[in-house]
Amino acid sequence: MKDYIEKRAIELAQYIIDNNATVRKTARVFNISKSTVHKDVHERLSRINPSLYKEAQAVLEQNKAERHIRGGMATREKYLKQSHI
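Bear in mind that the values here come from a model prediction, so they are computed numbers and not experimental data.

Draft legend 1. Up close: the packing of aromatic side chains. A full pass over the atoms with the stated rule returns one aromatic pair. Taking 5.6 Å as the distance between ring centres and 85° as the angle between the ring planes, the aromatic pair formed by Y15 and F30 counts as edge-to-face. Of this pair, Y15 sits in helix 1 (residues 3-19) while F30 sits in helix 2 (residues 23-30), placing them 15 residues apart in sequence. Taking relative accessible area as the criterion, Y15 reaches 17% and is therefore assigned buried. The exposure class of F30 is partly exposed, given its relative accessible area of 29%.

The structure is reproduced here in structure tokens:
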């Protein structure tokens, strides 16, 4: 694996941990695709740095468990804004 890919995988994981970020948000910040973030963090990082991988996975699992709540809140906000217009 190329050095820049390993470095990117570590940077992505560190960003996710530090900011409690989702895959989507991380992809936007680093200007890469969600699938690249997913591949770097889920597949490559487990071989590069297993302890960092476990930390990042914990954050991503928490985000995954909460995503239905965030989606519901976004829909609620959308309709509240529409009713005030």
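So much for the structure itself; the text now carries on.
Draft legend 2. Here's a closer look at helix 3 (residues 34-48). Compared with the 21 Å implied by 1.5 Å per residue over 15 residues, the 20 Å span of helix 3 between its first and last C-alpha is a close match. Along helix 3, the helix axis deviates most sharply at D40, where the bend reaches about 30°. Listing the buried residues of helix 3 in full gives V37, D40, V41, R44 and L45.

Draft legend 3. Here's a closer look at the pattern of salt bridges. One pass over the structure, following the stated rule, counts three salt bridges. A salt bridge links R8 to D40, with the nearest nitrogen and oxygen atoms 2.6 Å apart. Here R8, found in helix 1, pairs with D40, found in helix 3; they are 32 residues apart in sequence, far enough to count as distant. For D40, the salt bridge goes to R44, with nearest N and O atoms at 2.4 Å. Remark: R44 and D40 occur in helix 3; sequence separation between them is four residues, near one turn of the helix. A cluster of three or more residues bridged by salt bridges with shared partners is formed by R8, D40 and R44.

Draft legend 4. Examining the packing of helix 3 against helix 4 (residues 50-84) more closely. The contact between helix 3 and helix 4 brings their axes to 6 Å, and the two run at 150°. Relative to helix 4, helix 3 is oriented roughly antiparallel. On helix 4, the residues that touch V41, H42, L45, S46 and I48 of helix 3 are P50, L52, Y53, A56, Q57 and L60. For the contact of helix 3 with helix 4, a count of residues per class yields eight nonpolar, three polar and no charged.

Calculation rules
Think of each chain on its own: its residues are numbered from 1, step by step along the sequence as written. In keeping with the model being predicted, local features are shown solely for residues with a pLDDT of at least 70 and side-chain atom pairs are shown and tallied solely at 80 or more, while totals for entire chains, interfaces and linings include all residues. Side-chain numbers here rest on the full set of heavy atoms in the structure, without hydrogens or water. Between the rings of Phe, Tyr and Trp (Trp by its six-membered ring), a pair exists once the centres lie within 6.5 Å; its type follows the angle of the planes, with under 30 degrees stacked, over 60 edge-to-face, and the other angles tilted. Runs of H or I in DSSP of at least four residues are treated as helices and runs of E of at least two as strands, each being numbered from the N terminus. Any residue under 20% of the maximum accessible area for its type is buried, any over 50% is exposed, and the rest in between are partly exposed; the area is computed with a 1.4 Å probe on protein chains only. Any helix carries an expected span of 1.5 Å times its number of residues minus one. To get the bend at a given residue, fit one axis to the seven residues ending there, fit another to the seven starting there, and take the angle between those axes. Salt bridges, as used here, are contacts in which a Lys or Arg side-chain nitrogen is within 4 Å of a carboxyl oxygen on Asp or Glu. Note on definitions: angles span 0 to 180 degrees between N-to-C directions of axes, and those axes are lines fitted to C-alpha atoms, for helices only across the stretch in contact. Any angle that is under 35 degrees is reported as roughly parallel, and any over 145 degrees as roughly antiparallel; angles of 65 to 115 degrees are reported as roughly perpendicular and all others as oblique. Whether two residues touch is decided by their heavy atoms; if any such pair falls within 4.5 Å, the residues are in contact. Residues were grouped as follows: Ala, Val, Leu, Ile, Met, Phe, Trp, Tyr, Cys and Pro as nonpolar; Asp, Glu, Lys and Arg as charged; and all remaining residues, including Gly, as polar.

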